[in-house]
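Take a look at the letters that make up each chain.
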Amino acid sequence: MYKFNFLLSCLLFSISLTAQLYTNASNNLPANGAQGQSMDVQAADIDGDDDLDIILANEFQANTILINDGNANFTNETTGNLPQENHDSEDVAIADFNDDGFLDLVFCSEDDVNLGIVNVHEYYLGNGLGTFAIADFQLPDSESNAVIHADLNGDTFADLLFGNKGATSVLINSGNGSFALENNRVPQLNKTTQDLAMADIDNDGDLDLFEGNENGNALFINDGNGFFSDETASRLPQGLNLETRKVSFGDIDGDQDLDIFLSNVEFIPGKDRQNRLFLNDGNGVFSDITESNLPADNDHTIDAIFEDVDFDNDLDIIVCNVFGGPIRLYQNDGNGKFEDQTLQVFGQFFQRDALGVIARDFNGDGLNDLYICDRKTQNSNNKDLLLLRNMLSAQDDQISSQQAFDFTLSPNPVSTKEKLNIQFNRFIPDSLTINNISGKILQHLKLPGDLPNASLSVEIADYAPGTYLIIAHFKDRPQISKKLVIE
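Cut-off values and rules
- Residues numbered from 1 in each chain as written.
- Predicted model: local features only at pLDDT ≥ 70, side-chain atom pairs only at ≥ 80, totals over all residues.
- Heavy atoms only, no water.
- Core = buried A, V, L, I, M, F, W, Y, C linked by side-chain atoms within 4.5 Å.
- Buried < 20%, exposed > 50% of the residue type's maximum accessible area, 1.4 Å probe, protein only.
- Helix = DSSP H or I, 4+ residues; strand = E, 2+ residues; numbered from the N terminus.
- Contact = heavy atoms within 4.5 Å.
- Pairing = 2+ DSSP bridges.
- Axes fitted to C-alpha atoms, helices over the stretch in contact; angles between N-to-C directions.
- Salt bridge = Lys/Arg side-chain N within 4 Å of Asp/Glu carboxyl O.

## So, the nonpolar core
- F407, L420, I422, L432, V458 and I470 are the most contacted members of the largest nonpolar core, which totals 24 residues.
- The set of elements that each furnish at least two residues to this core consists of β29 (407-410), β30 (419-424), β31 (431-435), β33 (455-459), β34 (466-473) and β35 (480-486).
- Not counting residues within four places of it along the chain, the set of residues in contact with F407 comprises I422, Q423, F424, I470, A472, I480 and K482.
- V265, L355, F362 and L388 belong to the second largest nonpolar core, which has 21 residues in total.

## Thoughts on the sheet that holds β34
- Ordered in space as β32-β31-β34-β35, the four strands form an open sheet in which the pairing is antiparallel. Only two strands of the sheet have a single partner each, and these edge strands are β32 (441-445) and β35. Put simply, the sheet's adjacent strands are angled 25 degrees from each other on average, direction ignored.

## Considering the pattern of salt bridges
- Applying the stated criterion across every chain, the model contains eleven salt bridges.
- Across the salt bridge formed by D195 and K246, the nearest N and O atoms sit 3.7 Å from each other. You can see D195 sitting in strand β14 (residues 191-199) and its partner K246 sitting in strand β18 (residues 244-250), a full 51 residues away along the chain. Each of the two residues, D195 as well as K246, counts as buried.
- The residue D374 makes a salt bridge to R352 at a minimum N-O spacing of 3.4 Å. Residue D374 is found in strand β27 (residues 369-374), and its partner R352 is found in the loop between α4 (342-346) and β26 (354-360); the two are separated by 22 residues along the sequence.
- Classification of D374 by relative accessible area gives buried; the value is 1%.

Structure, rendered in structure tokens:
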């Protein structure tokens, strides 16, 4: 939980929204790698050089990896590094599935099944150097639009969930990268799922599951052991005729619980395409505050993310639309009420179809940039969009929001005979973990009680020499990761 300090309000950026906050750096993207029809984009350091690379799930063509030079200049290094299989890829999950310390990839496919194709989901094992090989284990086929990973049974291994036409499928990881179907863990509803999202919506310490469906959304509550019950009727607003494409969680009003933004379309005639905003009461029961707190829209929204674009310590919403709607920015007033500030933030209207968006720091300046997948049409063959966040400051003694959430490690490197000291700046994270280099959690650290000058002394004598990650996790903003070298 964030521990707020009065001085923070004097230290955070004071930014005028009349200034353009992003620079279009799409020329940093390769023409041969960012012009496909990408349905999903994710970022991860797949080649071990401490910057974020791009992984694209492409529709009816081979998938793509773009390698970052550390300054947000990307090259297409797919050939020879990623198997080139043509599938209707819709989504990608990235984790160390075989527990070898390196990140692996799972792409899910939708329409291949309808075409009579078998072995439609792609599963590739990474070597930590940016090269992937086909896994020996074959994932079971399904007609899927969404795939996510989570440790469902508490054994520290990454399990998989596929959002299907039909019922969600659950694959439990054996620990070596093979999986067993355990669909009894999730209610088997006959829905067409477009998105899966997991978050602790009832504040009981485990991850619950939201199905974003074409024919009625569903909310499943975790019993703490990775088995879920359908509590849609008692927790979600009822009577809505929605075709939901994306589910986004974030604390919009600063009350330390997770609210929901639903991206909606009307590809099925008669559906209500108005996006929806649901407010959490703190116990995982939601009310619909769309009419009072969200701009009215008539777009077809495919994706959206929460992101504090203006450094005012609340979450704004970046919205991606297709069929004529521009990319939009909804600014939060701090109390969870949003207004359209697209032109003020971007400096222009990006009038293009956008299929996916992520916010990550691609050039290492501590600020989150944007990568947006462009939908290719007969009349448009634009590159994807890369928008770099501008560093704006008012006075030398002011610090950015990113710095306010930052922390320092000392000494680093540290001997096993010493204790590691962790010093926090202005905010204490919701949780702090020691991870191996691939991100697997090894230890949850007990957090200090209060600010200012909060610090933590950690005994590391039981750790073998090597490189580790200290990761600060936050409910409603990106995590912050620091490398730790133990000698």
